[in-house]
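Take a look at the letters that make up each chain.
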Number of protein chains: 2
Amino acid sequence: MIGAIEAGGTKFCCALASDRNTILASASFPTTSPTETLSRVRSFFQEAQLKHGTLQSLGLACFGPVGLDSNSHDFGHILNTPKSGWAHYPIVEALRTSLGVPVAFDTDVNGAALGEFHCGAGRGHSSLVYITVGTGIGGGAIIDGKILHGLIHPEMGHMQVPRHPDDNYRGHCPSHGDCLEGLACGPALGDRWNMAAETLTGDHPAWDIQADYLSSMCINLTAVLSPETIILGGGVMQYPGLLDKTRTRFLERFNNYLPLHERLGSLDSYIQSPELSNQAGTVGALLLAESARPESVSR
Amino acid sequence: MIGAIEAGGTKFCCALASDRNTILASASFPTTSPTETLSRVRSFFQEAQLKHGTLQSLGLACFGPVGLDSNSHDFGHILNTPKSGWAHYPIVEALRTSLGVPVAFDTDVNGAALGEFHCGAGRGHSSLVYITVGTGIGGGAIIDGKILHGLIHPEMGHMQVPRHPDDNYRGHCPSHGDCLEGLACGPALGDRWNMAAETLTGDHPAWDIQADYLSSMCINLTAVLSPETIILGGGVMQYPGLLDKTRTRFLERFNNYLPLHERLGSLDSYIQSPELSNQAGTVGALLLAESARPESVSR
């Protein structure tokens with residue numbers, strides 16, 4: 001058995017599986033304090049193992065920023081999150097001790113990117129960017145089949161984008177105010193118009209502004225990373241028409257600067273929805289778990 | 001002998017060398033029509049070979065966009081450049097035919113990135129971004145020791161950045177108006193203030209605005225690519241104090257979101273000048289030429 005945890009700032013999703021495609025038990029619960037949350041993780045895996053068999057390894061796709069450099073003192077720690085109680089929490093060590101298995105770990109969005117790459121909309125590509133637009137905005141990249149880490153790891157939501165001319169909203173990011181996340185995450189969408197994002201109708205100007213920011217993001221990803229495909233997931237992207245609006249605005253603004261159409265036939269495969277929907281992170285965590293199995297480590 | 005051409009939109013720089021460190025002859029001339037320019041390239045290499053020995057291979061670091069995908073019909077072509085006569089020009093085939101040697105080729109900025117990575121400020125790193133701020137703005141990335149290509153290749157100058165609040169300049173990019181290149185390339189700097197960029201004094205507000213745009217660029221590179229170092233080259237970066245202003249503004253705006261200081265000690269090594277100055281492209285082209293030598297191809 002292998003285990004997966006998609007640890008988000010809002011909820012933890014846990015799964016026990018016999019392989020990446022076969023989840024035998026799963027559960028999710030809100031992210032509260034580290035002690036309480038990890039105690040629920042432990043209970044889930046204890047129960048699931050009794051029923052399905054012994055865990056060999058765990059994959060963790062975790063909200064960030066996180067320490068991924070195994071040579072650094074903060075490897076396996078959550079770094080400076082505003083999430084109460086979690087800053088500098090050594091989550092990898094806590095899980096290894098609690099569950100007694102090797103833990104492979106990466107950011108939540110890198111996990112989702114890995115899931116979509118091997119089992120979802122990224123199949124057949126050699127590079128992709130996965131973006132989630134939800135409570136926050138985060139992104140992960142796969143290049144030549146490998147997760148991009150670099151010095152620390154990408155924090156794509158915190159890129160800077162031009163303001164829409166009709167938008168005076170101050171921005172929602174506690175660190176940067178009006179970075180991309182500050183202007184276009186779910187809470188910003190509601191806060192800007194003083195209403196719940198879910199209640200914004202299809203003809204509300206909110207969606208043109210939202211598509212404008214997401215098209216800037218896609219331009220910046222194209223300009224900097226030149227991925228083969230950009231996969232836009234997360235709760236906000238489920239709004240009907242937003243993906244198409246984003247594609248249209250991207251085309252207008254990038255002005256055919258690179259021959260994307262010639263390469264791809266259609267922009268629909270360049271900027272697309274995830275195939276695994278909200279399972280991408282869990283599938284990615286299972287792929288991480290496969291890499292941490294004792295036999296694959298000793299190979 | 002190996003040969004290098006750094007083919008820029010303004011000038012062509014040619015070099016004949018016995019290895020990446022030993023240039024025996026070099027010349028540069030303005031980029032005019034393809035026919036005239038390539039005829040001067042041919043003359044240079046004919047003369048240099050008579051004196052120093054026979055060319056085995058050529059490396060070409062070329063202004064773009066260019067076709068880098070060897071499976072595509074436009075491989076080795078310059079794509080939709082506004083540079084008169086050069087759009088869709090099959091430069092690789094023209095050089096191979098003219099000089100009778102294998103040609104390895106990449107973008108000018110990828111060449112410079114490769115040069116700095118192996119022989120300059122990027123030594124000892126596993127990833128970097130190289131940016132040139134001059135007539136245009138371009139950038140190349142090395143990730144895990146390899147040039148980043150992706151679907152086509154990065155076009156970092158065409159990312160979108162927020163406007164400085166005091167800047168109403170319409171932007172200089174023929175395709176996008178006020179993308180990064182449109183707002184912060186050398187010609188934009190002069191055009192905005194109606195004076196030659198070289199005559200702007202150190203206390204002119206131009207430099208705060210310029211540093212603002214370059215700091216947005218560095219934030220976006222950090223957010224998307226997480227490189228180990230960002231190397232800022234090109235004519236505009238030689239302005240005294242601009243690099244420091246850019247670092248300071250980057251720090252203020254990124255607000256210590258990632259523990260760069262902890263990882264690096266100082267931001268001076270994160271955002272830095274090239275070591276090869278204006279030779280980075282030529283050194284990169286020599287490295288490309290080494291990879292195209294007949295014996296290295298047959299290995």
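Predicted model, so just to flag it, every value in this text is computed and none were measured. The residue numbering used here restarts from 1 in each chain and proceeds along that chain's sequence as written. For naming, the first written chain is A and the first written ligand is 1, with later ones following in the order written. Local features in this predicted model are restricted to residues of pLDDT 70 or higher, and side-chain atom pairs are both shown and tallied only at a pLDDT of 80 or more, whereas totals for entire chains, interfaces and linings draw on every residue. Heavy atoms throughout the structure, all of them, feed into the side-chain values; hydrogens and water do not.

A. Looking closely at the packing of helix α6 (residues 206-225) of chain A against helix α7 (residues 242-254) of chain A. Residue and element names in this part refer to chain A. Note on definitions: angles span 0 to 180 degrees between N-to-C directions of axes, and those axes are lines fitted to C-alpha atoms, for helices only across the stretch in contact. Each helix is a run of H or I in the DSSP string that is no shorter than four residues. Each strand is a run of E no shorter than two, and both are numbered from the N terminus. At a closest axis distance of 8 Å, the pairing of α6 and α7 adopts a crossing angle of 55 degrees. Here α7 runs oblique to α6, going by the angle between their axes. Judged by the sense of rotation from one axis to the other, the crossing of α6 with α7 is right-handed. Where α6 abuts α7, its residues Trp 207, Asp 208, Gln 210, Ala 211, Asp 212, Leu 214, Ser 215, Ser 216, Cys 218, Ile 219 and Thr 222 lie against Leu 242, Lys 245, Thr 246, Arg 249, Phe 250, Arg 253 and Phe 254. Across the contact of α6 with α7, the residue classes tally to eight nonpolar, five polar and five charged. Here roughly perpendicular refers to angles of 65 to 115 degrees, roughly parallel to angles under 35, roughly antiparallel to angles over 145, and oblique to all remaining angles. Take the far helix as the reference: if the near one is turned anticlockwise from it by less than a right angle, the crossing is left-handed, and if turned clockwise, right-handed. By definition, residues are in contact when any of their heavy atoms lie within 4.5 Å. Throughout this entry, Asp, Glu, Lys and Arg are counted as charged residues, while Ala, Val, Leu, Ile, Met, Phe, Trp, Tyr, Cys and Pro are counted as nonpolar. The remaining residues, Gly among them, count as polar.

B. Focus on the packing of helix α5 (residues 186-193) of chain A against α6(A). Residue and element names in this part refer to chain A. Direction vectors running N to C along α5 and α6 enclose 140 degrees, while the axes themselves pass 11 Å from each other. Between α5 and α6, the angle falls in the class oblique. Relative to α6, the crossing made by α5 is right-handed. Two secondary-structure elements touch here, α5 through Leu 189, Arg 192 and Trp 193 and α6 through Ala 206, Trp 207, Ile 209, Gln 210 and Tyr 213. Across the contact of α5 with α6, the residue classes tally to six nonpolar, one polar and one charged.

C. Looking closely at the pattern of salt bridges. Residue and element names in this part refer to chain A. Think of a salt bridge as a Lys or Arg side-chain nitrogen and an Asp or Glu carboxyl oxygen that are within 4 Å of each other. Enumeration over the complete set of coordinates arrives at 30 salt bridges over all chains. Among the ionic pairs, Arg 20 bridges to Glu 290, the shortest N-O distance being 2.9 Å. Here the residue Arg 20 occupies a position in the loop between β2 (11-19) and β3 (22-30), and Glu 290 occupies one in helix α9 (residues 280-292), the gap between them amounting to 270 residues. In this scheme, a residue with accessible area under 20% of its type's maximum is buried, one over 50% is exposed, and one in between is partly exposed, where area comes from a 1.4 Å probe on protein chains only. Judged by its relative accessible area of 29%, Arg 20 is partly exposed. Here Arg 247 ties to Asp 244 by a salt bridge, and the two come within 2.9 Å at their closest N and O atoms. Separated by three residues within a single helix, Arg 247 and Asp 244 lie in helix α7, roughly one turn from each other. By relative accessible area, Arg 247 is classed as buried at 12%. Exposure remark for Asp 244: the relative accessible area of 45% places this residue in the partly exposed category. Connected through shared salt-bridge partners, Arg 163, Asp 167, Asp 178 and Arg 192 make up one network.

D. Inspection of the nonpolar core at higher detail. The nonpolar core is taken to be a set of buried Ala, Val, Leu, Ile, Met, Phe, Trp, Tyr and Cys residues, with the residues joined through side-chain atoms within 4.5 Å. A:Leu225 and B:Leu225 are the most contacted members of the largest nonpolar core, which totals 97 residues. Leaving out residues up to four positions away in the same chain, B:Leu225 has contacts with A:Leu148, A:Val224, A:Leu225, B:Val129, B:Ala141, B:Ile143, B:Leu148, B:Met156 and B:Asn220.

E. Layout of the packing of aromatic side chains. Residue and element names in this part refer to chain A. Only Phe, Tyr and Trp rings are paired, with Trp represented by its six-membered ring, and only when their centres lie within 6.5 Å; those with planes under 30 degrees apart are stacked, over 60 edge-to-face, the remainder tilted. Under the definition given, this model contains 18 aromatic pairs over all chains. Taking 5.8 Å as the distance between ring centres and 85 degrees as the angle between the ring planes, the aromatic pair formed by Phe 75 and Phe 105 counts as edge-to-face. Taken together, the residues span a long stretch of sequence, with Phe 75 in the loop between β4 (57-62) and α2 (91-99) and Phe 105 in strand β5 (residues 103-107) at a distance of 30 residues. For Phe 75, a relative accessible area of 33% puts it in the partly exposed group.

F. Just helix α7 (residues 242-254) of chain B, in detail. All names here are of chain B. Taking 1.5 Å as the rise per residue, α7 with 13 residues should run 18 Å; its terminal C-alpha atoms sit 18 Å apart, in good agreement. Along α7, the residues classified as buried are Leu 242, Leu 243, Thr 246, Arg 247, Phe 250, Arg 253 and Phe 254. Buried residues of α7, seen end-on, are gathered within an arc of 140 degrees and therefore sit on one face of the element. Contact partners of the buried residues in α7: α6 (206-225), β9 (230-233), α8 (260-264) and β10 (271-272). Two residues or fewer after α7 comes Asn 255, characterised by a positive phi angle close to 60 degrees. In a helix, the anticipated span is given by 1.5 Å times the number of residues less one. This arc corresponds to the set of directions leading from the helix axis out to the C-beta atoms.

G. Geometry of the relation of the copies chain A and chain B. When chain A is brought onto chain B, the operation consists of a screw motion whose angular component is 180 degrees and whose axial shift is 0.0 Å, with 0.0 Å RMSD remaining. With respect to symmetry, the two chain copies, as superposed, fit the operation of a two-fold axis. The C-alpha atom lying nearest the rotation axis in chain A is that of A:Pro162; the distance is 1.9 Å. By residue overlap, the copies meet face to face through one surface: 100% of the interface positions of chain A are interface positions in chain B. We superpose the copies by least squares over the C-alpha atoms of residues that have a pLDDT of at least 70 in both of them.

H. Region of the structure containing the side chain of A:Arg263. Mapped onto the elements of the fold, A:Arg263 is located in helix α8 (residues 260-264). Polar contact criterion, stated in full: a pair of N or O atoms within 3.5 Å, where within protein one must be able to donate a hydrogen and the other to accept it, and residues adjacent in sequence count only if both atoms are side-chain atoms. A distance of 3.3 Å separates a polar atom in the side chain of A:Arg263 from a polar atom in the side chain of B:Asp74. In contact with A:Arg263, other than residues within four places in its own chain, are B:Gly67, B:Asp69, B:Ser72, B:Asp74, B:Leu151 and B:Ile152.

I. Representation of the pairing of strand β3 (residues 22-30) of chain B within the structure. Note on pairing: two strands pair once DSSP finds at least 2 bridges between them. When strand β2 (residues 11-19) of chain B meets β3(B), the two strands line up antiparallel, connected through eight bridges. From the neighbouring strand, B:Ala17 faces β3(B), where its bridge partner is B:Ile23.

J. Main features of the interface of chain A and chain B. Contact with chain A, which involves 51 residues of that partner, is made by 51 residues of chain B. Contact between chain A and chain B buries roughly 4,300 Å² in total, counting both sides, with carbon and sulfur atoms accounting for 59%. Between chain A and chain B we count four salt bridges in total. When the shortest N-O distance is used, the salt bridge between A:Arg263 and B:Asp74 registers 3.3 Å. Taken together, the links from chain A to chain B amount to 28 residue pairs in polar contact (both at pLDDT 80 or more). Top element by residues in the side of chain A that touches chain B is α6(A). It accounts for eight residues. For the side of chain A that touches chain B, the residue count by class is 24 nonpolar, 18 polar and nine charged. Simply put, the buried area is the total loss of 1.4 Å probe accessible area from both parts when two parts are fitted together.

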